[in-house]
Amino acid sequence: QVQLVESGGGLVQAGGSLRLSCTLSERTIMAYAMAWFRQAPGKVREFVGSSSWSGGGTYYANSVKGRFTISRDNAKNTVYLQMTSLKPEDTAVYYCAAGGVNSEVEVEYDYWGQGTQVTVSS
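What this report covers is the structure whose coordinates are included nearby. This is a predicted model, so every value here is computed, not measured. (Residues numbered from 1 in each chain as written. Predicted model: local features only at pLDDT ≥ 70, side-chain atom pairs only at ≥ 80, totals over all residues. Heavy atoms only, no water.)

## Considerations on the nonpolar core
- Core analysis: the largest hydrophobic core is formed by 31 residues, its most contacted members being Leu-4, Leu-20, Trp-36, Phe-68, Leu-81, Met-83 and Tyr-94.
- Secondary-structure elements contributing two or more residues to this core are β3 (18-25), β4 (33-39), β5 (46-51), β7 (68-73), β8 (78-83), β9 (92-99) and β11 (116-121).
- In terms of residue count, the dominant contributor to this core is β9 (5 residues). (Core = buried A, V, L, I, M, F, W, Y, C linked by side-chain atoms within 4.5 Å. Buried < 20%, exposed > 50% of the residue type's maximum accessible area, 1.4 Å probe, protein only. Helix = DSSP H or I, 4+ residues; strand = E, 2+ residues; numbered from the N terminus.)

## A short note on the packing of aromatic side chains
- All told, the structure shown has 5 aromatic pairs when counted by the stated rule.
- Their ring planes at 75° and their centres at 5.7 Å tell us that Phe-37 and Tyr-109 sit as a pair that is edge-to-face. Of this pair, Phe-37 sits in strand β4 while Tyr-109 sits in strand β10 (residues 109-112), and the two are 72 residues apart along the sequence. There is no split in this pair, since Phe-37 and Tyr-109 are both buried.
- On the basis of an interplanar angle of 75° and a centroid distance of 6.5 Å, the ring pair of Tyr-109 and Trp-112 is categorised as edge-to-face. (Phe/Tyr/Trp six-rings, centres within 6.5 Å; stacked < 30°, edge-to-face > 60°.)

## Looking at the sheet that holds β3
- Here we have 4 strands laid out as an open sheet, ordered β1-β3-β8-β7, and antiparallel in their pairing. Only two strands of the sheet have a single partner each, and these edge strands are β1 (3-7) and β7. This sheet shows a mean twist of 20° between the axes of neighbouring strands, independent of strand direction.
- The pairing of β7 with β8 spans 6 bridges and is antiparallel. Each residue of the ladder has a partner; that of Arg-72, found in β8, is Val-79. (Pairing = 2+ DSSP bridges. Axes fitted to C-alpha atoms, helices over the stretch in contact; angles between N-to-C directions.)

By themselves, these are just geometric observations and shouldn't be taken as functional.
Below, the structure written as structure tokens:
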């Protein structure tokens with residue numbers, strides 16, 4: 001079965017950087033659009049960014065544009081979320097997802113990881 005495993009979360013100071021990884025098992029990431037979502041305490045899950053199956057098309061939430069970047073390493077079957085200029089409001093559990101459509105809509109994604117905690121201190 002398809003599994004997605006996130007890693008790289010942790011505690012970072014405001015203004016710092018962190019890179020999250022999402023590794024897909026049993027399937028190649030080149031067959032899927034890959035996305036990142038996050039859920040902050042007391043908030044609903046929200047879209048962060050996504051990448052087409054080819055990596056040629058990306059979308060980002062306005063709140064992270066210019067600060068976060070999605071990239072793919074096909075050899076490692078891994079998608080990354082490089083986060084810079086982190087703010088306390090970026091604190092959340094971050095989830096990766098895989099699906100057939102490059103979209104900001106949660107229901108378009110078929111497979112989800114367990115999430116990794118990112119905490120940004122001020």
